[in-house]
Amino acid sequence: MNDILNFSNVNCRNCYKCIRECPVKAIKIENDKAYIVEELCIGCGKCFKACPQDSKKMMSDLGQVKEYIKLGYKVVATVAPSTVSDLESMNYKKFVGALKKIGFYKVEETIVGAKIVTEKYEKYIKNNKQKLYISSCCPTINYLITKYHESVIKYLIPVDSPMIAHGKYLKRIYGEDIKVVFIGPCISKKYESLDADSVGVIDKVISIQECISLINDIDIKNVEENEFDNKPLGDISLFPVEEGMNFNMGDITKIKVSGMNNVKNLIKSIENNELNNMFIELNACIGSCVGGVGFKHDRGIHYRKNKVKEYTKSRPLDKEYLNKIISIFENLNLEKDFKYYGIKFDTPTEYEIREILVSIGKKTVKDELNCGACGYDTCKDKAIAVYRNLAQRHMCMGYMKDRVEAVSNVIFEATPNYIVIVGHDFRIIDINSAMASIIKKTRDELIGEYIGDYIDIKNFIDVLYNKDDVISKKVKWEEYNKDVNASIISLNEHRALLGIYIDITKEENQRKTIKEVKLNTINTAQDVINKQMRVAQEIASLMGETTAETKVILTKLKELAMKGEEED
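Criteria and thresholds
Residues numbered from 1 in each chain as written. Predicted model: local features only at pLDDT ≥ 70, side-chain atom pairs only at ≥ 80, totals over all residues. Heavy atoms only, no water. Salt bridge = Lys/Arg side-chain N within 4 Å of Asp/Glu carboxyl O. Helix = DSSP H or I, 4+ residues; strand = E, 2+ residues; numbered from the N terminus. Buried < 20%, exposed > 50% of the residue type's maximum accessible area, 1.4 Å probe, protein only. Core = buried A, V, L, I, M, F, W, Y, C linked by side-chain atoms within 4.5 Å. Contact = heavy atoms within 4.5 Å. Pairing = 2+ DSSP bridges. Axes fitted to C-alpha atoms, helices over the stretch in contact; angles between N-to-C directions. Parallel < 35°, antiparallel > 145°, perpendicular 65-115°, else oblique. Nonpolar A, V, L, I, M, F, W, Y, C, P; charged D, E, K, R; others polar. 1 Å grid on protein atoms, 1.4 Å probe; cavity = no way out; pocket = protein on both sides within 12 Å on 5 of 7 lines; lining within 4 Å. Points joined across faces, edges and corners; volume = space filled by probe spheres on them. Expected span 1.5 Å × (residues − 1). Phe/Tyr/Trp six-rings, centres within 6.5 Å; stacked < 30°, edge-to-face > 60°.

**Here we look at the pattern of salt bridges**
Per the stated rule, a full pass over the model turns up 25 salt bridges. The shortest N-O distance in the salt bridge between Asp197 and Lys336 comes to 2.9 Å. Within this pair, whereas Asp197 is found in the loop between helix H8 (188-192) and strand S9 (204-207), its partner Lys336 is found in the loop between helix H12 (319-329) and helix H13 (350-359), the two being separated by 139 residues in sequence. Given the relative accessible area of 45%, Asp197 is considered partly exposed. Its salt-bridge partner being Arg443, residue Asp444 comes within 3.7 Å of it at the nearest N-O pair. Using a relative accessible area of 63% as the deciding quantity, one classes Asp444 as exposed. Ionic contacts of the salt-bridge type, sharing partners, join the residues Lys93, Glu109, Glu227 and Arg315 into one network.

Here it is as structure tokens:
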């Protein structure tokens, strides 16, 4: 298979929805980004449709189709019958006319191939007696069985799909040098066109969405209406709806199953030998091809089904044309050889699985939530994916939540700072042990209590109503004989306020002690000055100069002390 679908690393956000939707878990998570593993992929496109981040990328053949037309190739379209259910702004005749206006040489319906394929099915069932027969029209079903269910391969009817059959027919009647372009809602047709046994039959595949964008620049009102270049073939136009595959099966029971979950359940019944004497019409998309992912407009399955039915009523069988195409197909080889292409993975031992589970906190079976948040159905499935290098250990949401909470709790409880979280009603949501201890109550006793009963809430009120956080503001808790540096932060998303208080009581006490020393020094200096002045008056003639110097020194000391006091 080729890199037709993948994801953009830019937008991938680790939601794992692609893994949840993928029926075979063909998604690898590496460096927190999703990648499609081509060897495992079955081309269903469910991941493409499910991605909520617009992260998906699909290889487009639109540029090559335009180039074919520009270079003058005879480009022939084979149009899936479900296409008529997506033509909102035009009828099918306008659609055909638009394709021819932009340069398509011929425009035919894929039902030409579908009609012959059902003829081949009828002959195969008549000539080959086996317990079960499985339709092989849906490439995704073929990939699912040939990659994952080796024992079921023998039940696939070995006939080409309608697209491949029609492609062979078109190159026979219009020439091998034409370029055949399939138009339809099926992404897996892009994969099928590149299969080793089909390459060169269908040159390019574009979705209906891509096709409509191709003709968008044309003024549809002025486009001449055209019929398809094939003639009507009656009820075979119902092929894209779930009950559309009808032919003579004799006494064999027919069952139809669509949607990957239903298909997987049916295959399980086959592997358990629960079914016998049946023809099974399998379709990957719910409702068959009308449930495909490549439509332009978002419409329901039943809407599309009714559109196809209305169209079919207007297309009665042209028997003469049918006989003509049958004669041409008789000279074409439509046999398909289905082989097993599965990847053989190493299977981890129970010990290895348990080791991975324990490493992500699943120490016992009770710890295995099997919530599916990682994309895998069970914790054990996820562990096996980790072993096979398809998943990362930390993809477990429960594990990561526990880790974050554990780290947060350690910080919350280990810090010597006082921390409290209150709601907008000023009731305590959470409080750490350090703060609970100075209030002299337990955490459980304080949860839900009004914080104003224990500390002044003025700063909380200011932050709540003024919308400005308080950062590093000195606050005195008189009731606890504490000086603290307070920061009050608004947690708007949680409708809460976070209070963090750093205990600066020791620093404040030291500052007060230093202040007292300075004041004592000032008072002592003043006493010395006063004494010196009295002495100076008595012995002025003997020590006048020395007294003056002493006064200057002591005055400077006093000024210095006073300056320090002012700075404090």
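Moving on, there is more to tell.
**Remarks on the nonpolar core**
Ile27, Ile134, Ile270 and Ile280 are the most contacted members of the largest nonpolar core, which totals 61 residues. Judged by nonpolar contacts, the second largest core, of 41 residues, contains Tyr169, Phe182, Tyr321 and Phe329.

**A short note on the environment of Phe104**
Tracing the sequence through the fold places Phe104 in the loop between helix H4 (92-101) and strand S6 (106-109). When its relative accessible area of 4% is taken as the criterion, Phe104 is described as buried. Between the C-alpha atoms of Phe104 and Leu238, which are 134 residues apart in sequence, the distance is 25 Å. Once you skip the residues sitting within four places of it in the chain, Phe104 turns out to touch Val65, Ile69, Val75, Val76, Ala77, Leu99, Val181 and Leu214.

**Brief notes about the sheet that holds strand S11 (residues 278-283)**
Strand pairs in the sheet, formed through backbone hydrogen bonds, run parallel or antiparallel to each other. Pairing within the open sheet is parallel, and its 3 strands lie in the order S7-S11-S10. Edge positions in the sheet fall to strand S7 (132-134) and strand S10 (253-258), since each of these pairs with one other strand and no more. Within this sheet the neighbouring strands show an average axis-to-axis angle of 20 degrees, counted without direction. In this sheet, S11 lies alongside S10 in parallel orientation, the contact comprising 6 bridges. Bridged to Lys256 within S11 is Glu281.

**Some remarks on the packing of helix H7 (residues 162-174) against H12**
Taken N-terminus to C-terminus, the directions of H7 and H12 make an angle of 90 degrees; their axes are 10 Å apart at the nearest point. Here H7 lies roughly perpendicular to H12, going by the angle between them. Across the interface between the two elements, Ala165, Tyr169, Arg172 and Ile173 from H7 touch Tyr321, Ile325, Ile328 and Phe329 from H12. Within the contact of H7 with H12, the residues separate by chemical class into 7 nonpolar, no polar and 1 charged.

**A short note on the layout of surface pockets**
Computed from the structure, the largest pocket encloses a volume of approximately 810 Å³. The wall of the largest pocket is formed by 24 residues, among which Pro23, Val24, Lys25, Tyr148 and Lys264 lie closest to the centre. Counting only elements with at least two residues in the lining of the largest pocket, the list comes to helix H1 (17-21), helix H6 (139-148), helix H10 (260-271) and helix H14 (379-387). Looking at side-chain class alone, the lining of the largest pocket contains 13 nonpolar, 2 polar and 9 charged residues. Its volume calculated, the second largest pocket comes out at about 620 Å³. Forming the walls of the second largest pocket are 28 residues, and the residues nearest its centre are Lys49, Cys285, Gly291, Gly292 and Val293.

**Structural notes on helix H11 (residues 301-313)**
For H11, built from 13 residues, the straight-helix expectation of 18 Å at 1.5 Å per residue is met to within 8% by its first-to-last C-alpha distance of 19 Å. As for H11, its buried residues are in contact with H4 and S6.

**Brief notes about the packing of aromatic side chains**
For the structure on display, the rule yields 12 aromatic pairs. With 5.2 Å between their ring centres and 75 degrees between their planes, Phe247 and Phe279 make a pair best called edge-to-face. Remark: Phe279 occurs in strand S11 and Phe247 occurs in the loop between helix H9 (208-214) and S10; sequence separation between them is 32 residues. Using a relative accessible area of 15% as the deciding quantity, one classes Phe247 as buried.

**Quick notes on unusual backbone geometry**
If you check the backbone angles, Lys25 has positive phi at about 55 degrees while not being a glycine. Examined against the element boundaries, Lys25 turns out to sit in the loop between H1 and strand S2 (27-30). Look at Asn31: it is not a glycine, yet its phi comes out positive at around 50 degrees. One can find Asn31 in the loop between S2 and strand S3 (33-36).

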